Amino acid sequence: MLVRRGQQHTLENTVKIKGRGLHTGGPVSVTIKPAPEDSGFVFCRKDLPGEQCFKAGPDKVVDTNRSTTLGEGKCRVGTVEHFFAAVAVLKLDNLIVEIDGPEMPILDGSPYPFFIELKKGGKKKQEASRLWRKIEEPLFFRDCFSSIVALPAEGFRVTYVFIAPPPIGHQALDREENWEELLPARTFGWEEEAKELKKRGLARGGSEECAIIFRQGEEAPPYRVPNEPVVHKALDLIGDLALYRPVLGHFIAVRAGHKLHNQLARELQAGEG
Ligand SMILES: [Zn+2]
């Protein structure tokens, strides 16, 4: 069910963000513009012949391997989840995102730089009501040892459990508000895995400036926020849901990732009624 709560917002002013893609390693520049009410999030690839644009949504997710890629035909934009986590925390509803490459910049590996830049653009209130997808019946998805559950709730709550070998170990997060202070949580990986990805031509922009790199048998590098890995997983979930629309529910994820996040978002979109 969709419920009206508050009003939609866009940016007051255009915002520009420059950086490098995590997987391509190439420079990329993004221009984020205000958009009319009820238009949602429209991505335009400025580097492709003719202007190619599409509206974001769970049904436009074409790849969930290590990050979330949106696309329509040959027009693709990768690693969108950190941008959307910042958009969700700022409660923005309508934006045009112009990009000159295939991937959003990784910046420092967290949603925080997107949040800071978008905030500089200022928020503009729009006439139309904000429509929230309210969970009415429990939903769940499973994939081997991973699962995700959505339960009815009046607000927005995330419970995330992440389990990995030491030095990460067992980590959990349960939170309903004050997401802003968690936005600096960075993406993470293992040193061996990073080497393997680079061999395959992936994660070319990956370094300790844009991720926490763990080494087996060594202490964890200093965290920016307590339990930074599980906090980052929760932010990924928030971003993967926000490319759909604001949601009201209690989301419980155990060892989940972009694939399960997207399965849930697709189901929410399909059943919005
Ligand atoms: Zn992430």
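Computed from a predicted model, the values in this text were never measured in an experiment.

## A few points about the overall build of the chain
In step 1: Scanning the chain for helices and strands turns up five helices and 17 strands.
In step 2: For 273 residues, the compact-globule formula gives about 19 Å, and the C-alpha radius of gyration of the chain, at 18 Å, lands near that figure.
In step 3: Across the 273 residues that make up the chain, the buried fraction comes to 52%.
In step 4: Here the contacts in the chain between residues at least 6 apart in sequence split such that 73% fall between residues at least 24 apart.
In step 5: For the chain, the computed accessible surface area is about 12600 Å², with 50% contributed by carbon and sulfur atoms.
In step 6: Taking the 38 positively charged and 38 negatively charged side chains of the chain as two groups, their mean positions are separated by 3 Å.

## Here's the deal with the domain arrangement of the chain
In step 1: We note that the domain assignment places domain 1 (2-131) and domain 2 (133-270) within the chain.
In step 2: The gap between the C-alpha centroids of domain 1 and domain 2 is 19 Å.
In step 3: Summed over both sides, the interface between domain 1 and domain 2 buries roughly 3100 Å², with carbon and sulfur atoms accounting for 62% of that surface.
In step 4: Broken down residue by residue, the surface that domain 1 buries against domain 2 is led by His23, Pro58 and Arg66, which jointly contribute 18%.

## Focus on the coordination of the zinc ion
In step 1: Taken together, the protein ligands of the zinc ion are His82 (NE2), His232 (NE2), Asp236 (OD) and Asp236 (OD), with distances of 2.1 to 2.7 Å.
In step 2: Because the angles between the four donor atoms bound to the zinc ion fall within 52 to 154 degrees, the donor set is best described as irregular.
In step 3: Mapping the donors of the zinc ion onto the primary sequence yields the spacing H-x149-H-x3-D. Within this pair, whereas His82 is found in helix α1 (residues 81-90), its partner His232 is found in helix α4 (residues 228-242), the two being separated by 150 residues in sequence. Across this residue pair, the class does not change: His82 and His232 are buried.

## Concerning the pairing of strand β17 (residues 247-254)
In step 1: The element β17 is largely enclosed, with a buried count of six among its eight residues.
In step 2: When strand β10 (residues 123-134) meets β17, the two strands line up parallel, connected through two bridges. Across the sheet, Lys134 pairs through a bridge with Leu248, a residue of β17.
In step 3: For strand β12 (residues 146-151) and β17, the ladder comprises five bridges, and the chain directions are antiparallel. Within β17, the residue paired with Ala150 across the bridge is Phe251.
In step 4: Pairing of strand β13 (residues 156-164) with β17, which is carried by six bridges, proceeds in the parallel orientation. Paired with Val158 across the bridge in β17 is Phe251.

## Concerning helix α2 (residues 112-120)
In step 1: The complete set of buried residues in α2 reads Phe114, Phe115 and Leu118. Along the axis of α2, the buried positions cluster into a sector of 100 degrees, meaning they face one direction only.
In step 2: The inward-facing, buried residues of α2 contact β1 (2-11), β2 (15-20), β3 (27-34) and α1.
In step 3: In the stretch just after α2, Gly122 is the one whose phi turns positive, near 75 degrees.

Rules used in this analysis
- Residues numbered from 1 in each chain as written.
- Predicted model: local features only at pLDDT ≥ 70, side-chain atom pairs only at ≥ 80, totals over all residues.
- Heavy atoms only, no water.
- Helix = DSSP H or I, 4+ residues; strand = E, 2+ residues; numbered from the N terminus.
- Rg over C-alpha atoms; globule rule 2.2 N^0.38 Å.
- Buried < 20%, exposed > 50% of the residue type's maximum accessible area, 1.4 Å probe, protein only.
- Contact = heavy atoms within 4.5 Å.
- Areas by Shrake-Rupley, 256 points an atom, 1.4 Å probe, with all protein chains shown as cover.
- Lys, Arg positive; Asp, Glu negative; His and termini not counted.
- Charge placed at Lys NZ, Arg CZ, Asp CG, Glu CD.
- Domains from an automatic or database assignment.
- Buried area = accessible area lost by both parts, 1.4 Å probe.
- Donors = N, O, S within 2.8 Å, 3.2 Å for Na, K, Ca; no water.
- Tetrahedral: all angles 85-135°; square planar, octahedral: opposite > 155°, others 65-115°.
- Pairing = 2+ DSSP bridges.
- Arc of directions from axis to C-beta.

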